[in-house]
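One letter stands for each residue in the lines below.
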Amino acid sequence: MSDKPKSQTVLVVGGGIGGISAALEAAECGAEVVLIEKAPTLGGRVAALNRYFPKMCHPTCGLEINYQRIKKNPRIKVFTMAEVSGISGSKGDYTVTVTTTPRHVTPACTACGDCAKVAASEVADPFNYGLAKMKAAYLPHAMAFPMRYVVDPSVVGTPEGQAIKAACKVEAINLDEKPESFALQVGAVIWATGWKPYDPKNLTMYRHGEIADVITNVEMERLASHDGPTKGHILKPSSGEAPKKVALIQCAGSRDLNHLAYCSRICCLASMKHAAYVREQYPEAEVDIYYIDIRAHDKLEAFYQKAKADPGIRWIKSKPSRIEKGASGEPVVCGENTLSREVYANAYDLVVLATGMQASAQPPAGAQLDDYGFVVSEEGVFGAGVATGPLDVSMSVQSATAAALRAVQAVRS
Amino acid sequence: MNAISPNPSRAYDLNFARYVYENIDGGERLRMCMQCGACSGSCPIGQQMDHGPRKLFMMIRAGMKEAVLTSNTIWNCVSCYNCVVRCPRKVPITYILHDLANLAVREGFDAAKKADNARFAKAFMWSARKYGRTDERLVTGIYYFSFGLLEGMKRGMGNQKIALNMIKTKRMHLGMPHAIKAKDELQNILAKAQEIQDRHGKGA
Ligand SMILES: Cc1cc2nc3c(=O)[nH]c(=O)nc-3n(C[C@H](O)[C@H](O)[C@H](O)COP(=O)(O)OP(=O)(O)OC[C@H]3O[C@@H](n4cnc5c(N)ncnc54)[C@H](O)[C@@H]3O)c2cc1C
Ligand code: SF4
Ligand code: SF4
Ligand code: SF4
Ligand code: SF4
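Just so we're clear, the structure is a prediction, and the values are computed from it rather than from any experiment. (Residues numbered from 1 in each chain as written. Chains lettered and ligands numbered in written order. Predicted model: local features only at pLDDT ≥ 70, side-chain atom pairs only at ≥ 80, totals over all residues. Heavy atoms only, no water.)

Caption draft 1: The arrangement of the site of ligand 5 in detail. Residues and elements named next belong to chain B. Within the structure, ligand 5 sits among Cys43, Pro44, Ile45, Cys77, Val78, Ser79, Cys80, Tyr81, Asn82, Cys83, Thr94 and Leu97. Looking at the shell around ligand 5, the elements that each hand over two or more residues are helix 7 (82-86) and helix 8 (93-106). Residue composition of the shell around ligand 5, grouped by class: nine nonpolar, three polar and no charged. (Near = heavy atom within 4 Å. Helix = DSSP H or I, 4+ residues; strand = E, 2+ residues; numbered from the N terminus. Nonpolar A, V, L, I, M, F, W, Y, C, P; charged D, E, K, R; others polar.)

Caption draft 2: Spatial organisation of the site of ligand 1. Residues and elements named next belong to chain A. Lining the immediate environment of ligand 1, one finds 34 residues, of which Glu37, Phe53, Lys273, Leu391 and Val393 sit closest. At 3.5 Å from an oxygen atom of ligand 1 is found a main-chain nitrogen or oxygen belonging to Ala192. The separation between an oxygen atom of ligand 1 and a polar main-chain atom of Asp392 is 3.4 Å. Within the complex, the protein chains bury 96% of what would otherwise be the 1000 Å² of accessible surface of ligand 1. Of all elements in the fold, only helix 1 (17-28), strand 4 (82-90), helix 5 (217-224), helix 6 (267-281) and helix 8 (393-412) reach the threshold of two or more residues within the shell around ligand 1. Looking at which domains feed residues into the shell around ligand 1, each of domain 1 (9-101 + 179-194 + 360-412) and domain 3 (199-356) supplies at least three. (Polar contact = N/O pair within 3.5 Å; in protein donor to acceptor, adjacent residues only side chain to side chain. Areas by Shrake-Rupley, 256 points an atom, 1.4 Å probe, with all protein chains shown as cover. Domains from an automatic or database assignment.)

Caption draft 3: Fine view of the domain arrangement of chain B. Residue and element names in this part refer to chain B. Its domain assignment divides chain B into domain 1 (15-114) and domain 2 (116-198). Put simply, the middle of domain 1 and the middle of domain 2, counted by C-alpha atoms, are 26 Å apart. Tallying the contact residues gives seven residues for domain 1 and five residues for domain 2. Of the roughly 470 Å² buried at the junction of domain 1 and domain 2 (both faces included), carbon and sulfur atoms supply 41%. Of all residues in domain 1, the largest losses of buried area upon contact with domain 2 belong to Trp75, Asn102 and Lys114, amounting jointly to 73% of the total for that side. Linking domain 1 to domain 2 there are zero salt bridges. Applying the counting criterion to the domain 1 and domain 2 interface returns three residue pairs in polar contact (both at pLDDT 80 or more). Those elements giving two or more residues to the side of domain 1 that touches domain 2 turn out to be helix 6 (73-76), helix 8 and helix 9 (110-114). Among the elements that take part in the side of domain 1 that touches domain 2, helix 9 stands out by supplying three residues, more than any other. (Contact = heavy atoms within 4.5 Å. Buried area = accessible area lost by both parts, 1.4 Å probe. Salt bridge = Lys/Arg side-chain N within 4 Å of Asp/Glu carboxyl O.)

Caption draft 4: Representation of the sheet that holds strand 10 (residues 180-186) of chain A within the structure. Residue and element names in this part refer to chain A. The antiparallel open sheet is built from three strands, whose spatial order is 4-5-10. Each having just a single partner strand, strand 4 and strand 10 make up the two edges of the open sheet. Within the sheet, the average angular offset between the axes of one strand and its neighbour, ignoring direction, is 20°. Where strand 5 (residues 93-100) lies against strand 10, seven bridges are found, and the strand directions are antiparallel. Among the inter-strand pairings, Thr97 is bridged to a residue of strand 10, identified as Ala183. (Pairing = 2+ DSSP bridges. Axes fitted to C-alpha atoms, helices over the stretch in contact; angles between N-to-C directions.)

Caption draft 5: A look at the packing of aromatic side chains. What the rule picks out here adds up to 14 aromatic pairs over all chains. Ring geometry for Tyr143(B) against Tyr144(B): centres 5.7 Å apart, planes inclined by 40°, an arrangement best described as tilted. Taking the relative accessible area as the measure of exposure, Tyr144(B) reaches 14% and is therefore buried. These aromatic residues form a ring-pair network of at least three members: Phe120(B), Tyr143(B), Tyr144(B) and Phe147(B). If you follow Arg45(A) out to its NZ or CZ, it ends over the ring of Trp195(A), 5.1 Å from the centre. Across the ring face of Phe147(B), the terminal group of Arg155(B) is positioned such that the distance to the ring centre comes to 3.9 Å. (Phe/Tyr/Trp six-rings, centres within 6.5 Å; stacked < 30°, edge-to-face > 60°. Buried < 20%, exposed > 50% of the residue type's maximum accessible area, 1.4 Å probe, protein only. Lys NZ or Arg CZ within 6 Å of the ring centre and 35° of its normal.)

Caption draft 6: Looking closely at the pairing of strand 5 of chain A. Judged by which residues are buried, strand 5 of chain A turns out to be one-sided: Tyr94(A), Val96(A), Val98(A) and Thr100(A) face inward and are buried, whereas Asp93(A), Thr95(A), Thr97(A) and Thr99(A), on the alternate face, are not. Remark: two residues form the turn of the hairpin made by strand 4 of chain A and strand 5 of chain A, two consecutive strands paired antiparallel; Gly92(A) in that turn has positive phi of roughly 90°.

Caption draft 7: Local environment of the interface of chain B and chain A. Contacts between the two partners involve 23 residues from chain B and, on the opposite side, 16 residues from chain A. Both faces combined, the contact of chain B with chain A buries some 1500 Å², and carbon together with sulfur accounts for 49% of it. Put simply, chain B and chain A have one salt bridge between them. Across the pair Glu336(A) and Arg54(B) runs a salt bridge whose closest N-O atoms are separated by 2.7 Å. Inspection of the region where chain B meets chain A yields 11 residue pairs in polar contact (both at pLDDT 80 or more). For the side of chain B that touches chain A, the secondary structure elements donating two or more residues are helix 3 (38-42), helix 4 (52-61) and helix 7 of chain B. Take the side of chain B that touches chain A: its biggest share by element is four residues, from helix 3 of chain B.

Caption draft 8: Examining a nonpolar patch on the surface more closely. A grouping of Phe145(B), Leu149(B) and Met153(B) is seen on the molecular surface, where their side chains present a nonpolar patch of about 320 Å² in accessible area. For Phe145(B), the location among the structural elements is in helix 11 (residues 136-145). (Patch = residues over 30% accessible without salt bridge, like charges linked within 9 Å, V, L, I, M, F, W, Y side chains within 5 Å.)

Caption draft 9: Quick peek at helix 1 (residues 16-23) of chain B. Most of helix 1 of chain B sits out of view: six of its eight residues are buried. Along helix 1 of chain B, the residues classified as buried are Phe16(B), Ala17(B), Tyr19(B), Val20(B), Tyr21(B) and Asn23(B).

Caption draft 10: Main features of the sheet that holds strand 13 (residues 214-216) of chain A. Residue and element names in this part refer to chain A. Here we have five strands laid out as an open sheet, ordered 13-20-14-15-16, and parallel in their pairing. This sheet does not close on itself; its edge strands, each paired only once, are strand 13 and strand 16 (313-317). Averaged over all pairs of adjacent strands, the angle between their axes in this sheet comes to 25°, without regard to strand direction. In this structure, strand 14 (residues 245-252) lies alongside strand 20 (residues 350-355), joined through five bridges in parallel fashion. Bridge pairing in strand 20 links Val246 to Leu350. Across the sheet, helix 6 is in contact with strand 14, strand 15 (286-291), strand 16 and strand 20; its angle to strand 14 comes to roughly 170°.

Caption draft 11: Broad picture of the domain arrangement of chain A. Residue and element names in this part refer to chain A. The domains assigned to chain A are domain 1 (9-101 + 179-194 + 360-412), domain 2 (114-167) and domain 3 (199-356). Using only C-alpha atoms to locate each centre, domain 1 and domain 2 end up separated by 26 Å. Tallying the contact residues gives 14 residues for domain 1 and 10 residues for domain 2. A combined buried area of about 1100 Å² lies between domain 1 and domain 2, and 75% of that area is made up of carbon and sulfur atoms. Taken together, domain 1 and domain 2 are joined by zero salt bridges. In this assembly, domain 1 and domain 2 are joined by four residue pairs in polar contact (both at pLDDT 80 or more). In terms of residue class, the side of domain 1 that touches domain 2 is built from eight nonpolar, three polar and three charged.

Okay, structure coming up:
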C-alpha cells in the first residue's frame, strides 16, 4: 500500500476484558491508543462474575493486573461514560465523533464515599442485573477503574443533589457538567463492545419474572459473589432460604431458531461452574443439569469430567418444554427425558436459566455485522472479544491480541 | 425419486428416512431435528402415545418403517401445535405426523387402517364429501359400526344420554341430513386438495 496512513492512533471501543487486552497489546507495540467505554468503569461483564472457569480464580486478579498495565502506559488514553456517535473515512484516516455523558464527579474524587452516605434516593443497579438497588451517588463496583464515584442525573437540580455536593470535602462534584462531543482522528478501529444476556422475558415458557425462584445464570453469578446482593450466599429469592434442590437449564434461548440460532459456547461450562458454587456452599444440595448435549469446548473437557465425577450432580438429557408453578409457588420443570422417554415434572427450590450471549445492545456504528449482529473484521475496522461471537475470557483475549496486531499493521503500512 | 419399500412386511427400510425427508409434508425440515425432546415434553397427549414425536423421528432415521407406520403416535396427535411453537429447529411436527398417518394407510398397514382416528377420519370425510358438512348422527354411526354390528350398538347405547342432550341443545338434529348450498364448489376444493396432496406425495 502506497498511501501512508494519516493517523497512527488506534481507537478501541468497549472496555471489557476484550477491549482492555486489545488496547494494551496495541499500546505495548508502540501505537497510540484511545479506549472508549460507555459505562462509568472499565471491566465489562467479567467484573460481575464471581469466579472464572476453568481455574475458578476471581476476576479481580486478572483485571487488577491489566489496570496496572494501563496506568503505567502513557500511550493509552481512557474515556469512560463515552460512546462513538459517528464515524467516517477509511483505513488509515477515520474521523470519529465521541459523545460523553456527565459523571458529575471530577478526577479529584478520592472515593471516600461521603457523598453516597447522604444520598437518599436509589437507582437501578445494572452491575447486579436488577437484583439490588444502589444510591444515587455510587461507585459502580469495588473493582471500578477509574476508582471514582458517579452522581446519577436524577438528583441534579434537586435538594438531594445539593446535599450530595455539599458532602464532598474535596469539592469533586460538579452538577453543572453537560454532555459533550469531540472529534478524534484515528487510523484503525477495534470494536470490543461485548455482549448482553439474552432477555429471559422472551422465553415465555420458562416464566422468569413470574416465578420468583427462576433466575438466570448472570443473576447466579451475582448471588454467588461476596460483593453481590446476598453477600455471596446463594439463596432463594422468594424466601431467602438456602436451596436444597437446584435445576440448571441449558440452551435457554440459544440453539433455538425462535431465539438465538447459535450455540453461546460458554454456558455449558458456566453451568458446571454454577453446580460447583452450589455444591461447595451446600454439600447436601442436589443439582440437576438439563441439557441437549454438553459442549465443553476447547481444552475444557477436563472441567466437564470433574463435574461428572460429582455424585451430587445429575445429568438429564432433555430440553425442558416449560416451567410450571407448583402448589406453593415453587418452579416445576416439565419435559421428556430423551434417554428414558419418561415425561417428568420435577419441583425445585431454585431454577437457573443458562441464558446465552447476544451481541451488545447497540450495534457499533460503522462496523459490518454478520446475521447475528456480531462484528465482521474488515480493512481498518476489527472486532475483538465477544463482539465477534460468543467466546470465553481466554478466547476473548486471544481474539483481542489478533485484532491489535491487525490494527497496528493497518496504521503502520 | 425414492420409492418406499413396496413390501409392508419389511420392518426396516434403510431408505425410509430419505423417503420421509423428500416426500412427507414438512419432511425436509425433519433433517434438522436435534432430538431435544421439547416436542414430546410439550405434548398434552404424550402419555397416550407409544413413542411421542421425538422418538418417532429417531425411529425414522433408524429406518424402522414398520414400527413408525404402525405407531399410535401418528394417530393421537390432536393438532394443538404446542410442539411446533416450541421446537427450536422449526420442525413442522404436526404436519409430519398427519402425513405419516396418510402414508401408513396408503401403504396398507393393518394397524393404520384399524386405528381409531383413521376410522373416524374416514367417516368424517365421507360426510364432508357427501353433504359438505358433518352430520353428527351419520359420522358417529359410521364410526361406531366400523367396529362391527355388536360393538357399534354397544357404543351407540352407551352414548344415548349425550345424544339426547345434544338434540335438546340443537347440537344434533333429527330428520334428513342437511347439505350445504354450494356442495359442488366444496367438492371441487376437496378434489383440488387431493390433487395437490397426490402431487406432493410424489415429491413434485
Ligand atoms: C453466566 C456467564 C458466566 C461466564 N463465566 C465465564 C467464566 O467463568 N470464564 C470465562 O472464561 N468466561 C466466562 N464467561 C464469558 C465472559 O463473560 C466473556 O468472555 C467476556 O465477558 C468477554 O469480554 P468482552 O470484553 O468481549 O465483552 P464485555 O465484558 O461485554 O465488555 C464489553 C464492554 O464494552 C462496553 N460497550 C458496549 N457497547 C459500547 C459502546 N457502544 N461504546 C462504548 N462501550 C461499549 C460495555 O460497557 C463493556 O464494558 C461467562 C459468561 C456468562 C454469560
Ligand atoms: S465525590 Fe467526593 S464525597 Fe464522593 S467519593 Fe468522591 S471524594 Fe468522596
Ligand atoms: S454452550 Fe451449552 S448451554 Fe450454551 S448454547 Fe451451547 S450447548 Fe447450549
Ligand atoms: S422439538 Fe424439534 S428438534 Fe426437538 S426433538 Fe422435537 S422435532 Fe426434534
Ligand atoms: S401438535 Fe400433536 S404432537 Fe404436537 S404437542 Fe400437539 S398433540 Fe402433541
